[in-house]
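# Coordinate analysis (summary)
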Amino acid sequence: MNVTTVIDGIYRLSANMEEILFEGLWPVPNGVAMNSYIVKGEKTAIVDGVCGWDGVPETLFAQLEKINVDPESIDYVIVNHMEPDHSGWIEDFRKIRPDFTIVTSKKAVPLMEAYFDITDDIMVVGDGDTLDLGDGRVLAFAEIPNVHWPETIATFDTKSGTLMPCDAFGSFGSIGEAMYDDELTPEQIDFYEQEAIRYYSNIVAAFSVPTAKAISKASTLPIKIIAPGHGIVWRKDPMKIVNDYIRYASYQKGPCENEVTVIWGSMYGMTEQGVRPAIDALESEGIIVHEHRVPEDSWGDILTSAWSSTGLVLGMPTYEYKMFPPMLNILEELARKRFLNRKVFRFGSYSWSGGAQKDLDEMVARLKPGWEFLEPVEFKGKPSQEELDTIAARCKELAVQIKEAVASKGK
Ligand SMILES: Cc1cc2nc3c(=O)[nH]c(=O)nc-3n(C[C@H](O)[C@H](O)[C@H](O)COP(=O)(O)O)c2cc1C
Ligand SMILES: [Fe+2]
Ligand SMILES: [Fe+2]
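Residues numbered from 1 in each chain as written. Chains lettered and ligands numbered in written order. Predicted model: local features only at pLDDT ≥ 70, side-chain atom pairs only at ≥ 80, totals over all residues. Heavy atoms only, no water.

## A short note on the sheet that holds strand β8 (residues 101-104)
Read from one edge of the open sheet, seven strands run β1-β2-β5-β6-β7-β8-β9, paired in mixed fashion. Each edge of the sheet is formed by a strand with only one pairing partner; in this case those strands are β1 (2-7) and β9 (122-124). Averaged over neighbouring strand pairs, the angle between their axes works out to 25° when direction is ignored. Contacts from helix α1 (residues 58-66) reach β1, β2 (10-17), β5 (32-40) and β7 (74-78) within the one sheet, and its direction differs from that of β1 by about 40°. (Pairing = 2+ DSSP bridges. Helix = DSSP H or I, 4+ residues; strand = E, 2+ residues; numbered from the N terminus. Axes fitted to C-alpha atoms, helices over the stretch in contact; angles between N-to-C directions. Contact = heavy atoms within 4.5 Å.)

Below, the structure written as structure tokens:
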């Protein structure tokens, strides 16, 4: 954990978490930074916490000492979001000072009791409410429900124009010495952009409609700094992450970019024979291809690729009259997380009955992701040259459709 100054009177406590599965599920190959903010007026507030802190309260004391904040002087603990990655440290914070006031939303109140048995000293805030810390520092609150849980709020420091939106505008990726956009090289900014898509597609995707609403709400504020609960702080160009998030939210409905995610699985290499011709055909049409094999590649990587992809190509054999199981898993996850309206082409091998295609059709009818399918290519055993040529031809057709859809976006 280390402490840095965001701007006069606002400090950021940050800790990297590595080699974990985020939400017990998502690999974070490049880690994730957890941020908390201390806001000083005459009174002091701490906005959100950082789970995974070792040795709280000792480590926290050491960091607070560096910025001359007496832990006993923290009057308010502002809980923007009850998910334990931000609220889970409240128990430890109680060891520092048991009688702080919690500032949170109405919907967080029952959760505060459910997680921490806390029912007293809660100040409920919602849209338009403010908290005056003195010394000209007035915090304003805005409800941003379902970014990422129903109770989520954002905290805005009206003095400095700093928005602390918790999960909104967050990104994965541990942070090093440079942790503000004004300290990063263009290459590092690109790295965090990739990590923001990973974060968005894995964690936020399903909440794209409320996220778009939250972005509209935020755009009415005179924002100078965006200080999220995960990842880097945007001090030089806060609109960069706002515009990126507007784009990411738009990917839910598609069309997205001129990109295709090719997901394939194969037991004995029969279906696999169609993969290279498919990729070559897509690339010959100028499409950017992300290739993933299941079950080898992680869901996190596949979702990251698929979020910006207008098309999906699925190479999958029949397995026990159904879809190849890891393909079923990933496709259900894509449909459940509302990766909507993708253009999809599937090919694959079978031996006696087939069944993968029927299973896929049934899944799509059940989950209704609005995917539009080209005619599939199914072959018995190994594919013939003619079938390989058809796979390539379908992929070219898919590429043309994608380019047309992307070109007509917003028209
Ligand atoms: C465990 C297992 C279950 C299978 N179930 C079916 C099936 O229900 N219907 C069918 O037509 N073929 C079935 N097959 C045959 C495969 O679909 C066939 O071997 C195909 O060529 C495999 O393609 P791949 O090498 O790309 O995995 C099964 C094969 C295995 C190993
Ligand atoms: Fe969250
Ligand atoms: Fe979070």
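Read on for the rest.
## Examining the sheet that holds strand β12 (residues 153-157)
In spatial order, the strands read β10-β11-β12-β13-β14; together these five strands make up an open sheet with mixed pairing. One side of each edge strand has no neighbouring strand; the edge strands of this open sheet are β10 (130-134) and β14 (225-226). Two strands pair when backbone bridges link them, and strand β13 (residues 162-164) and β14 are joined in this way by two bridges, in the parallel orientation. The residue of β14 that forms the bridge with Leu163 is Ile226.

## Comments concerning the site of ligand 1
What surrounds ligand 1 is a group of 17 residues, the closest being Ser266, Met267, Thr271, Tyr321 and Ser349. In this structure, an oxygen atom belonging to ligand 1 sits 2.7 Å away from a side-chain N or O atom of Thr271. Here an oxygen atom of ligand 1 and a backbone polar atom of Tyr321 are 2.5 Å apart. Protein chains bury 87% of the 640 Å² of accessible surface belonging to ligand 1 in isolation. Secondary structure elements with two or more residues in the shell around ligand 1: β18 (318-319) and β20 (343-350). Tallied by class, residues from the shell around ligand 1 come to eight nonpolar, eight polar and one charged. (Near = heavy atom within 4 Å. Polar contact = N/O pair within 3.5 Å; in protein donor to acceptor, adjacent residues only side chain to side chain. Areas by Shrake-Rupley, 256 points an atom, 1.4 Å probe, with all protein chains shown as cover. Nonpolar A, V, L, I, M, F, W, Y, C, P; charged D, E, K, R; others polar.)

## Points about the packing of aromatic side chains
Overall, the coordinates contain 17 aromatic pairs when judged by the stated rule. Here Tyr248 and Tyr251 contribute two aromatic rings whose centre-to-centre distance is 6.4 Å and whose plane-to-plane angle is 40°, an arrangement assigned as tilted. If you follow Arg235 out to its NZ or CZ, it ends over the ring of Tyr180, 3.9 Å from the centre. The ring of Trp307 carries the charged tip of Arg342 above its face, separated from the ring centre by 5.7 Å. (Phe/Tyr/Trp six-rings, centres within 6.5 Å; stacked < 30°, edge-to-face > 60°. Lys NZ or Arg CZ within 6 Å of the ring centre and 35° of its normal.)

## Some thoughts on the nonpolar core
In terms of nonpolar packing, the biggest core is built from 88 residues, with Phe169, Met327, Leu331, Leu334 and Trp371 touching the most fellow members. When residues of this core are assigned to their parent elements, the largest contribution, eight residues, is made by helix α5 (residues 186-204). Domain assignment of the residues forming this core places at least three in each of domain 1 (2-250) and domain 2 (257-403). Setting aside its immediate chain neighbours within four residues, Leu334 contacts Ile263, Leu303, Ala306, Leu312, Phe339 and Trp371. Counting residues in hydrophobic clusters, the runner-up holds 24 residues, among them Ala281, Val313, Phe347 and Cys395. (Core = buried A, V, L, I, M, F, W, Y, C linked by side-chain atoms within 4.5 Å. Buried < 20%, exposed > 50% of the residue type's maximum accessible area, 1.4 Å probe, protein only. Domains from an automatic or database assignment.)

## Remarks on the domain arrangement of the chain
According to the domain assignment, the chain contains domain 1 (2-250) and domain 2 (257-403). Once you take the C-alpha centre of each, domain 1 and domain 2 turn out to be 38 Å apart. Taken together, the 13 residues of domain 1 in the interface contact 11 residues of domain 2. When domain 1 packs against domain 2, close to 1000 Å² is buried across both sides, 63% of that on carbon and sulfur atoms. Counting the surface domain 1 buries against domain 2, the share from its top three residues, Trp26, Arg198 and Ser201, is 38%. Along the contact surface separating domain 1 from domain 2 lie one salt bridge. Between Asp301 and Arg198 there is a salt bridge, with the nearest N and O atoms lying 2.9 Å from each other. Linking domain 1 to domain 2 there are five residue pairs in polar contact (both at pLDDT 80 or more). Put simply, the parts of the chain that give the side of domain 1 that touches domain 2 at least two residues each are β4 (26-27), α5 and α7 (238-250). Its residues assigned to classes, the side of domain 1 that touches domain 2 comprises seven nonpolar, four polar and two charged. (Buried area = accessible area lost by both parts, 1.4 Å probe. Salt bridge = Lys/Arg side-chain N within 4 Å of Asp/Glu carboxyl O.)

## Brief notes about the pattern of salt bridges
Per the counting criterion, the structure on display carries 24 salt bridges. Between Asp182 and Arg235 there is a salt bridge, with its nearest N and O atoms 2.8 Å apart. Of this pair, Asp182 sits in the loop between β13 and α5 while Arg235 is found in the loop between β14 and α7, placing the two residues 53 residues apart along the sequence. Overall, the relative accessible area of 37% leaves Asp182 in the partly exposed class. Where Lys240 meets Asp244, a salt bridge forms, and the shortest distance between an N and an O atom there is 2.8 Å. In this pair, Lys240 and Asp244 are both assigned in helix α7, four residues apart and thus about one turn of the helix distant. For the pair Lys240 and Asp244, one class covers both residues: buried. Each of Glu193, Lys240, Asp244 and Arg247 takes part in one network of salt bridges that share partners.

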